Amino acid sequence: MNPGLYHYKAVVADQFTVCLRRKGQTVYQQVLSVERPSALQGWNWGFCGHYAFYHALYPRAWTVYQLPGQDVVLTCRQVSPIIPHDYQESSLPVGAFVWEVENSSGQDVEVSIMFTFRNGLETKEDRSGGHWNEPFVLEKDGCCVRGVLLHHCVPVNPYTLAISALETPGTTVTHCTSFNPAGTGQDVWQDLLADGKLASPPGRAPPSEKGEACAAAVCATRVVPAGGHGTLELGLAWDMPRIRFGSREKEHHRRYTRFFGREQEACPALSHHLLTHYKAWEQRIAAWQQPILENSELPPWYKSALFNELYFLADGGTLWVELLPDDAAALGAGQGLSQLLPVLREYGRFAYLEGQEYRMYNTYDVHFYASFALAMLWPKLELSLQYDMAAAVLNEDTQSRLYLMSGQMAQVKLRNVVPHDIGEPDDEPWQRLNAYLIHDTAGWKDLNLKFVLQVFRDYSFTGDAAYLQDMWPVCQAVMDSELRFDRDGDGLIENSGFADQTYDAWVVTGASAYCGGLWLAAVCVMCRMAEIMGSGEVLQKYAAILARGSAAFERLLWNGKYYNYDSGGGPSSDSVMADQLAGQWFLRACGLGEGESEVFPRSHVLSALRTIFELNVLGFAGGTMGAVNGMRPSGVPDTSSVQSDEVWVGVVYALAATMIQEGLVQEGFRTAEGCYRTVWERLGMAFQTPEAYCQRRVFRSLAYMRPLSIWAMQLALEQQAGRGPRAPAGKQAGTPARP
C-alpha cells in the first residue's frame, strides 16, 4: 500500500478460522493455516495441508478445505474486481472471500467463519501507538454490511482497513473490536468457541498505547442443513486515499477517490459496494475468461499462465492516481499533445514497478514486452502511460550525475530522447525521471525505437486517430535522435561496444540483430504512419532508409541460418540470440511484417526461429526450461555475460508469440511451457515470476514486469484465428475515437 514498499512475510493474525457446532455444542474449531507461529498460541494451528487444495485464475482463486472427520467441505472463493476495460471497478482496493459450505453429514451444522486482521503489517509502526478500531454497519438498498474499521494512524500515508461480512436472512454477523495479536489470543478464541459467535461490544476501542499492537475480528455464522449448502460472504477493503512518495513534496490522490472520496472515510462504502457487487464482477470475469478456458486446443498450463501472470498489474507496486492540478498546469498545453490533459484527467496516471527489487516506475525497455497486457485489456491506461512518456520525451533535466558503470558524469535527461523510467518511489516520479543509475540511457539504442513501435501498436489496436496525430511529431523527434547512431550512413544503427539496451550487462558492438531489428521495424512503422498522416516527404525519407538498412542488416548479420548477435567480430558475435526477431514480433503484432510490408525475408525468419528452437530451447536443459538468451552455434550456452546464459521469462513468452505468428504454433507452446513448468511448478514461484533464471536453478529479480508479455501469445493466437486487431486502413488521421 505504501508506494514501492514490500514486506516479505505473512502477518500472523491475518487468518480465517472455522467453528462448527452441532446440537448446541462446538465440535470443531481450527485456524485454516498450516503454520504454527510463536504468537497467538491459544489458537488451534497446524491445519493439515493434505486436506487443502488451491486453484487460481487471476483475479479469481479457490481454496478447498476438507475438514477431517466432519463431513464438511469449505471452499473459499477469492474475487478481486480486476475487470478488462472497466476503469472504475478495477481501481477499487477491495477483495471478497466467499465461503461455500457443503454439509454432507446427516445433521444440521452451524458454521462460523471468523476473519481476523491486524491493524498494521507487523512492523515497528504498529507499536507507535494511537491506532484504533471501531465497529461499523452500513445498510443501504436493502443490504446490510457489518464489520470493523482498523484505523492506522501514522504521519505519512495513514490508512484504514475494513473487515466485513454481509448480513442476510439466516446469516448473523458479529465482531470483536480489538484484541492483542502479540499475545496468546485466548480471549477471542474462547469467545468464538463458547457459542460460535463474537461478543460484539459497542463503540470504538481505545487507541493503542505505545508499544502495543491491536487487531480485530469479524464472524459470519449460519446453519447449513444436513446434505445442504450455505454461503458466508466476507470482505476486505483498504483506504489509503492520499499518498506521498519518499520526497514528500506532493500529495497524490488514488484513482478510486474519484468515486469514494479522499477523506479516508471510504471503507464502509467500499465494503458495501464489494459485498453487493462481487457476483456481477464474477459474471463479467467469467465471460471474459470462459472462451479461453473452454478452448480445448489450448493447454491447461497456458490458461493458468495467461491469467495468473496478470497479478503483476496490481501487485507490481502499482499506482493509479489522479492528475494533480499543479501537474496539469506544469504540463500546460502539453507541447502540442492535444489529448495529453484530457486523457490524464479522464483515466488518471498509471505506473507500475519494473520489479519488486528493481524499484523504478514504467521502466520502458521492459514495458515494451509487458505492455500487451495493458494494450489488450486496459488500452486507455496504455494510452495514459504513453502520453506521460511522450511529455517526458519532450522535456529535459540538465542536472549532471555520476553513472556507475562508466564512472562518468552525464546529463540526467536529454530532450527528444525516451527516458528509461519515470522515476522511483523514494523520490518524486513523473517529476524527476531516470532513477536508473547504472548506465546513461541516453545512449541506449532500443528505448526510442520501442516508443515508436508501441505508438503504432496502440493505434492499430484502438484506431484512435487523435492519439496518432499527437504522437506523430514525437515519433519523428525520437527517430531523428536515433539517426545519430547510424554512424556510417548505411541505414542501420550501430551499437557502441557497451551494454546499451535492455540487456544491460551484455555488450553489443556494431550492427546487432536485436537493436538493428528493432530499428528496421521502427523505420517500417514510420513509413506506415507517414502514409496515414499524408506526409510524403517523411515517407520518402524513411523508405530510403529502410531500403538501405534492410540490405545492410542482411549483409552484416545473416549467416545462412540465423542473424548473428552482432557484427563486431568478437568471440560471441555469432551467438544465437533468442530475442533476435523482436522487431518482426512487433511488426506482426501491429498487422505488418508480411506481404508488402515485409522487412525481414520470411524464409530467414522461419530459419532463425527453427534454429532458436533447436539450439536455445531443445538444446538447453533438455528443452524443459524455455529458451536461453544466448547459445553458441556449437550447442553450449553463451557465457560471455551474466545475462547471455540466463532465461528471461518475458523474452521467452515474446519469442513464443513470434513463433505462433509465423505458424510454428507447437514450437511456440513448447518453448513457453518450459518457463511455466520451471517457475510455477519446479521453483515454486507462483505469483512472483522472476525476470531471469539459469539452468542451475539460480534466479534473479522475483516478481517482475516483463512476463506479462504472455498476452502477446494470446494476441498471436487471436490474430491467427482472425479475431485480433489489425492496422487500420486509410490515409488521413481523422476524428479521434471516443472512449
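Whatever comes next refers back to the structure up there.
Source: prediction; values computed, not measured. (Residues numbered from 1 in each chain as written. Predicted model: local features only at pLDDT ≥ 70, side-chain atom pairs only at ≥ 80, totals over all residues. Heavy atoms only, no water.)

(A) Region of the structure containing the packing of aromatic side chains. With the rule as written, the count across this model stands at 47 aromatic pairs. Between F553 and Y563, the ring centres sit 4.8 Å apart and the planes meet at 45°, which makes this aromatic pair tilted. With a gap of 10 residues between them, F553 in helix α13 (residues 536-557) and Y563 in the loop between α13 and β22 (576-577) connect regions that are remote in the sequence. Residue F553 is classed as buried on the basis of its relative accessible area, which comes to 1%. Through a chain of ring-to-ring contacts, three or more aromatic side chains come together here, namely W301, Y302, Y311, F312, W320, F350, Y352, F669, Y676, W680 and F687. (Phe/Tyr/Trp six-rings, centres within 6.5 Å; stacked < 30°, edge-to-face > 60°. Helix = DSSP H or I, 4+ residues; strand = E, 2+ residues; numbered from the N terminus. Buried < 20%, exposed > 50% of the residue type's maximum accessible area, 1.4 Å probe, protein only.)

(B) The nonpolar core, seen in detail. Among the nonpolar cores identified, the biggest contains 236 residues, and L74, W99, F451 and W711 are the most heavily contacted of them. Residue contributions to this core peak at 17 residues, all from helix α12 (residues 513-533). Excluding residues that lie within four positions of it along the chain, L74 makes contacts with V18, L32, T63, V64, Y65, L67, W99, E100, V101, V111 and I113. One finds L40, W43, F179 and W189 within the second-largest nonpolar core, a separate group that totals 18 residues. (Core = buried A, V, L, I, M, F, W, Y, C linked by side-chain atoms within 4.5 Å. Contact = heavy atoms within 4.5 Å.)

(C) Quick peek at the sheet that holds strand β11 (residues 172-179). With respect to topology, five strands assemble into an open sheet ordered β2-β1-β7-β12-β11, the strand pairing being antiparallel. Strands at the two margins of the open sheet, each flanked by one partner only, are β2 (25-31) and β11. The mean inter-strand angle of the sheet, taken between neighbouring strand axes irrespective of direction, is 20°. As defined by bridge partners, strand β1 (residues 15-22) adjoins β2 across six bridges and the pair is classed as antiparallel. Pairing of C19 across the sheet is with Q29, part of β2. Its contacts with the sheet put helix α1 (residues 186-195) on β1, β2, β7 (109-118), β11 and β12 (215-224), and the angle it makes with β2 is roughly 145°. (Pairing = 2+ DSSP bridges. Axes fitted to C-alpha atoms, helices over the stretch in contact; angles between N-to-C directions.)

(D) Focus on the environment of G630. By the secondary structure assignment, G630 is in strand β23 (residues 630-631). Taking the C-alpha atoms as reference points, G630 and S572, separated by 58 residues in sequence, lie 9.1 Å from one another. The residues contacting G630, other than those within four sequence positions of it, are W506, V576, N616, P637, D638 and S644.

(E) Summary view of the environment of L150. Counting through the fold element by element, L150 comes out in strand β9 (residues 143-152). Look at L150 and you get buried, because its relative accessible area is 0%. Here L150 is in contact with F117, R118, N119, W132, N133, Y159, T160, L161, I163 and A216, once residues within four sequence places are set aside.

(F) Broad picture of a nonpolar patch on the surface. Taken together, L404, M405, L437 and I438 make up a surface patch of nonpolar side chains, about 380 Å² in accessible area. For I438, the location among the structural elements is in the loop between β19 (409-413) and α10 (447-462). You can call I438 partly exposed: its relative accessible area is 33%. (Patch = residues over 30% accessible without salt bridge, like charges linked within 9 Å, V, L, I, M, F, W, Y side chains within 5 Å. Areas by Shrake-Rupley, 256 points an atom, 1.4 Å probe, with all protein chains shown as cover. Salt bridge = Lys/Arg side-chain N within 4 Å of Asp/Glu carboxyl O.)

(G) Looking closely at the pattern of salt bridges. Overall, the coordinates contain 31 salt bridges when judged by the stated rule. Between R349 and D327 there is a salt bridge, and its shortest N-O distance comes to 3.4 Å. Residue R349 is located in strand β17 (residues 349-351), and its partner D327 is located in helix α6 (residues 325-331); the two are separated by 22 residues in the primary sequence. Both residues of the pair, R349 and D327, belong to the buried class. For R677, the salt bridge identified is with E673, shortest N-O distance 3.0 Å. In this pair, R677 and E673 are both assigned in helix α17 (residues 665-682), four residues apart and thus about one turn of the helix distant. Judged by its relative accessible area of 24%, E673 falls in the partly exposed class.

(H) Examining the packing of helix α3 (residues 267-293) against helix α4 (residues 300-308) more closely. The contact between α3 and α4 brings their axes to 10 Å, and the two run at 150°. One way to sum up the angle between α3 and α4 is to call them roughly antiparallel. As α3 runs across α4, the sense of the crossing is right-handed. Only K303, L306 and F307 of α4 make contact with α3, whose side of the interface consists of W288, Q289, I292 and L293. The class makeup of the residues in the contact of α3 with α4 is five nonpolar, one polar and one charged. (Parallel < 35°, antiparallel > 145°, perpendicular 65-115°, else oblique. Left-handed = near helix turned anticlockwise from the far one by under 90°. Nonpolar A, V, L, I, M, F, W, Y, C, P; charged D, E, K, R; others polar.)

(I) The arrangement of the packing of helix α11 (residues 465-482) against α12 in detail. Interhelical geometry of α11 versus α12 gives an angle of 140° and a closest axis separation of 11 Å. Between α11 and α12, the interaxial angle falls into the category oblique. Judged by the twist between their axes, the crossing of α11 over α12 is left-handed. Seen from α11, the contacting residues are L468, Q469, W472, C475, Q476, M479 and E482; seen from α12, they are W519, A522, V523, M526, M529, A530, I532 and M533. In terms of residue class, the contact of α11 with α12 is built from 12 nonpolar, two polar and one charged.

(J) How the structure looks around the sheet that holds strand β4 (residues 60-67). Strand order across the open sheet formed by eight strands is β3-β4-β5-β6-β13-β10-β9-β8, with antiparallel pairing between neighbours. With one partner strand each, in any of the chains shown, β3 (52-57) and β8 (132-140) form the two edges of the open sheet. Neighbour to neighbour, the strand axes of the sheet diverge by 20° on average, direction disregarded. Here strand β10 (residues 159-167) pairs with strand β13 (residues 229-239) via six bridges, running antiparallel. Directly across from L161, in β13, lies its bridge partner W238. Where α3 meets the sheet, it contacts β3, β4, β5 (72-79), β6 (94-103), β8, β9, β10 and β13, and its direction lies at approximately 110° from that of β13.

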